[in-house]
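Architecture at a glance
Chain by chain, the residues:
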Amino acid sequence: MTLWEGWQARIRGCRRSYKCQAYSWKKQIVPIRIRKSEVLEEARKLEINISQTVDVLLANEVRRLYWEKWNEQNKDAIAAYNARVAAHGLPLTKYRTWGAALGDGQEGS
């Protein structure tokens, strides 16, 4: 299981499924600093689970940065594919049996 698959499983709440049992998630103690103590006090009054909230927000940020990096690394391939689709249409469009009235998305169809 890759790091990314692990994060996906964690986010989906897959802690007890057969796929996740081999990769048990052990919580780590990580010290964090909160700039305003009033925020922490208010969170406690509202009974917010701070650990779970930070866990979810961190997972979302990791996912966002992962895909941002992936898009940056693959932008040339994506641009080439988009140019090919713009020039020649989608692959196997001629075999499509649905949406025939819509055409294949090309000018003059």
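Here's a quick rundown of the structure. None of the values given here were measured: they were computed from a predicted structure.

**As for the overall build of the protein chain**
A tally of regular secondary structure across the protein chain gives 4 helices and 0 strands. For the protein chain, the succession of helices and strands along the chain, N to C, is α-α-α-α. For the protein chain, buried positions account for 10% of its 109 residues. Here the analysis covers contacts within the protein chain between residues at least 6 apart in sequence; of these, 32% occur between residues at least 24 apart.

**Thoughts on a nonpolar patch on the surface**
Residues Val30, Ile32, Ile34, Val39, Val54 and Leu58 make up a contiguous nonpolar surface patch of about 510 Å² in total accessible area. For Leu58, the position within the fold is in helix H3 (residues 50-73). Classification of Leu58 as partly exposed rests on a relative accessible area of 46%.

**Focus on unusual backbone geometry**
Phi is mostly negative for residues that are not glycine, and the peptide bonds are mostly trans. A positive phi is found at Glu47, a non-glycine position, where the angle reads about 55 degrees. Secondary-structure assignment places Glu47 in the loop between helix H2 (37-45) and H3. Judged by its relative accessible area of 72%, Glu47 is exposed. Located in the positive-phi region is Leu92, a residue other than glycine, with phi close to 65 degrees. In this fold, Leu92 is placed in the segment after helix H4 (75-88). Take Leu92: its relative accessible area is 64%, and that puts it in the exposed class.

Calculation rules
Residues numbered from 1 in each chain as written. Predicted model: local features only at pLDDT ≥ 70, side-chain atom pairs only at ≥ 80, totals over all residues. Heavy atoms only, no water. Helix = DSSP H or I, 4+ residues; strand = E, 2+ residues; numbered from the N terminus. Buried < 20%, exposed > 50% of the residue type's maximum accessible area, 1.4 Å probe, protein only. Contact = heavy atoms within 4.5 Å. Patch = residues over 30% accessible without salt bridge, like charges linked within 9 Å, V, L, I, M, F, W, Y side chains within 5 Å. Areas by Shrake-Rupley, 256 points an atom, 1.4 Å probe, with all protein chains shown as cover. Salt bridge = Lys/Arg side-chain N within 4 Å of Asp/Glu carboxyl O.

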